[in-house]
Amino acid sequence: MIVTVLKESGYDLPEQFLDCLPDICPDCGQPMEISEALTGLHCSNFRCPSKVAQRLVAIANKLGVKDLGESRAMGFVRKFRCPNPLWIFAYEPSDGEIADGVNIEISTRIYNAFADRKKFTLPEYIKIAQLPFIQESALPLFSGYSSLTDAYRAIEAGGVSYIADKLNIKGNVDEISIRALKIYDSLMTYKSDLFEGESMVEIVTLSDTVKTYNVVCSTAVGGGFKTKADFYAYCNNNFEGTHINFGSSVSSATDYLVWSGVGSPTNKVKKARSLQEKGNPIQIVNATEFINILRG
């Protein structure tokens, strides 16, 4: 099928190259597609187990969960016939091993890591779902709404123009439409994922009395914490009236970079120091120092 499309499109490609291109996805049996620039070959099925597993791995990485790699993620998706990676938040060890060949001890460890990190603001929840084209769009599109329903009502009523306005997308009319349409289509394609997953996590609304911190963690945080996930869990479960937005990259909006201070500075540390030199008030602290800050 791909070969036919390429030939009909006028591409003059070697037969040897064309013979290597698969028409059918080996994971779900649906047709494969190739990008116009011939740089990407992908399955046309957005529910393909491989795509679901890739999103699940991205969610785990975003949350600092270390024990769920590609193989285990695919095993989870296949075992539970999972069409939505957000199902990971509903998994419990009583369901059995998280994937075939993974013992219950590791399964429980993965469960605990996700269970300790399932409280999000609405924009954080959208961002963690790992939808295509949505990462940087989550905050401006979903801030200010008290529920996922209200946010989608506004998006669907306003359509592509609403997306372009909220994101302040600039350029000529065609460029604006194409960029905004990709984001709108992604939100519509994965709408059911988000509403289904909403019941599996806790969406919190921040009041004026809640102290909010934007925090990024380096590879090692110190304070006796073995992993970032352990540190996330401790912070999220022990400080009422506090919300910590754990980000993945250092920016001018970051309040604290948590780093053990041991070993060579990581790229995140170097970025934070560069921002400090430019007058940004970001602070570099270890886990113990940050916890003391939370305690006041």
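One can find the structure itself at the top, above this paragraph.
Colleague: Go over the nonpolar core with me, naming the residues and quoting the values.
Modeller: Judged by nonpolar contacts, the single largest core of 52 residues is most densely connected at Phe89, Phe114, Tyr125, Ile126, Phe142 and Leu187. Contributions of two or more residues to this core are made by helix H3 (49-63), helix H4 (70-79), helix H5 (104-115), helix H6 (122-128), helix H7 (138-142), helix H8 (148-167) and helix H9 (173-189). If near-sequence neighbours (up to four positions away) are discounted, Leu187 is found in contact with Leu131, Ile134, Leu141, Phe142, Tyr152, Ile155 and Ile163. Core analysis: the second largest hydrophobic core is formed by 18 residues, Phe225, Phe231, Val285 and Leu294 among them.

Colleague: With reference to specific residues and values, describe the pairing of strand E6 (residues 242-247).
Modeller: Where strand E5 (residues 211-217) and E6 come together, six bridges link them in parallel fashion. Counterpart to Val216 in the pairing with E6 is Gly247.

Colleague: Just give me the short version of the packing of aromatic side chains, but keep the residues and values in it.
Modeller: Taken as a whole, this structure holds 17 aromatic pairs when the rule is applied. Judged by centre distance (6.1 Å) and plane angle (70 degrees), the ring pair of Phe231 and Phe246 falls under edge-to-face. One end of the pair, Phe231, is in helix H11 (residues 228-238); the other, Phe246, is in strand E6, with 15 residues separating them in the sequence. Summarising the burial analysis for this pair, Phe231 and Phe246 share the class buried. Through successive ring pairs, a cluster of aromatic residues spans Tyr213, Phe225, Phe231, Tyr232, Tyr234, Phe239, Phe246, Tyr256 and Phe290.

Colleague: Please give an account of the layout of surface pockets that cites residues and values.
Modeller: Of the pockets and cavities examined, the largest pocket occupies roughly 920 Å³. In this structure, the largest pocket is lined by 37 residues; those nearest its centre are Glu124, Lys127, Leu139, Asn214 and Asn245. Elements represented by at least two residues in the lining of the largest pocket include exactly H3, H6, H7, E5 and E6. With five residues, H6 is the single largest residue contributor to the lining of the largest pocket. Looking at the lining of the largest pocket, its residues break down into 17 nonpolar, 15 polar and five charged.

Colleague: Which residues make up helix H13 (residues 287-295), and what values do they have?
Modeller: Those residues of H13 not exposed but buried are Ala287, Phe290, Ile291 and Leu294. Seen along its axis, H13 keeps its buried residues to an arc of 100 degrees; they face one direction. Buried residues along H13 sit against E5, H11, E6, strand E7 (256-258) and strand E8 (283-285). Regarding H13, its N-cap is Asn286, as a side-chain oxygen of that residue lies 3.2 Å from the backbone nitrogen of Thr288 further along. Looking one or two places after H13, you find Gly296, whose phi comes out positive at around 80 degrees.

Basis of the calculations
Residues numbered from 1 in each chain as written. Predicted model: local features only at pLDDT ≥ 70, side-chain atom pairs only at ≥ 80, totals over all residues. Heavy atoms only, no water. Core = buried A, V, L, I, M, F, W, Y, C linked by side-chain atoms within 4.5 Å. Buried < 20%, exposed > 50% of the residue type's maximum accessible area, 1.4 Å probe, protein only. Helix = DSSP H or I, 4+ residues; strand = E, 2+ residues; numbered from the N terminus. Contact = heavy atoms within 4.5 Å. Pairing = 2+ DSSP bridges. Phe/Tyr/Trp six-rings, centres within 6.5 Å; stacked < 30°, edge-to-face > 60°. 1 Å grid on protein atoms, 1.4 Å probe; cavity = no way out; pocket = protein on both sides within 12 Å on 5 of 7 lines; lining within 4 Å. Points joined across faces, edges and corners; volume = space filled by probe spheres on them. Nonpolar A, V, L, I, M, F, W, Y, C, P; charged D, E, K, R; others polar. Arc of directions from axis to C-beta. Polar contact = N/O pair within 3.5 Å; in protein donor to acceptor, adjacent residues only side chain to side chain.

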